[in-house]
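Structure at a glance
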Amino acid sequence: MSVFLKTRITAVGPEVEALAEGGVLILFADGAPEELAEVSVLHAVEEGPSDEAPLTGAAINVGAVSAEITAIGEAAWNKVREIGHVVINFNGAGEAERPGEICASHVEPLVLVGALATGAIITIGA
């Protein structure tokens, strides 16, 4: 599998669970301002991000939870590369509503919440 991004969760903000229950996951690199950290999963990159963006069909794994990219906004991968930030919406949409968003296949919200633990690995690969 070619890896576009492999990162480790370092902290989970206090408002992340409510967002994840709605199928939305916000990633931000360590060092994010406090107001962003409250709604974000903070992470430290272990591999990547690659120069090339993943395509639809690429896998997203959050711990043991697996999904597939269904759409990617035109600015999403640049944000990942530049500041370690992306919004992943597990809504199965075929088109991203916002330029900084990655859409992925639906996952069970409570399973997603359960996977969001410090030390868990998030990978995007094909």
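A short tour of the structure in this document, coming up. The structure displayed is predicted, hence computed values, not measured ones. (Residues numbered from 1 in each chain as written. Predicted model: local features only at pLDDT ≥ 70, side-chain atom pairs only at ≥ 80, totals over all residues. Heavy atoms only, no water.)

What follows deals with the overall build of the protein chain. Regarding its fold elements, the protein chain presents four helices and eight strands. Counting from the amino terminus, helix and strand elements in the protein chain follow one another as β-α-β-α-β-β-β-α-β-β-α-β. In terms of overall size, the protein chain behaves like a compact globule, its C-alpha atoms giving a radius of gyration of 13 Å where 126 residues would be expected to give roughly 14 Å. Across its three principal axes, the protein chain shows a C-alpha extent of roughly 30 × 30 × 25 Å. Each of the 126 residues in the protein chain was classed as buried or not, and the buried ones make up 44%. At a minimum sequence separation of 6, the contacts of the protein chain that also span at least 24 residues come to 70%. (Helix = DSSP H or I, 4+ residues; strand = E, 2+ residues; numbered from the N terminus. Rg over C-alpha atoms; globule rule 2.2 N^0.38 Å. Buried < 20%, exposed > 50% of the residue type's maximum accessible area, 1.4 Å probe, protein only. Contact = heavy atoms within 4.5 Å.)

A word on the packing of aromatic side chains. Evaluated as defined, the whole model comprises one aromatic pair. Plain terms: the ring middles of Phe-4 and Trp-77 are 6.4 Å apart, the flat faces sit at 85° to each other, and that makes the pair edge-to-face. Placement of Phe-4 in strand E1 (residues 3-12) and of Trp-77 in helix H3 (residues 76-83) is noted, with a sequence separation of 73 residues between them. For the pair Phe-4 and Trp-77, one class covers both residues: buried. (Phe/Tyr/Trp six-rings, centres within 6.5 Å; stacked < 30°, edge-to-face > 60°.)

Inspection of the secondary structure assignment puts Thr-7 in strand E1. At 2.9 Å, the side chain of Thr-7 forms a polar contact with the backbone oxygen of Ala-44. A polar atom in the side chain of Thr-7 sits 3.3 Å from the backbone nitrogen of Val-45. If near-sequence neighbours (up to four positions away) are discounted, Thr-7 is found in contact with His-43, Ala-44, Val-45, Glu-46, Ala-120, Ile-121 and Ile-122. (Polar contact = N/O pair within 3.5 Å; in protein donor to acceptor, adjacent residues only side chain to side chain.)

By themselves, these are just geometric observations and shouldn't be taken as functional.
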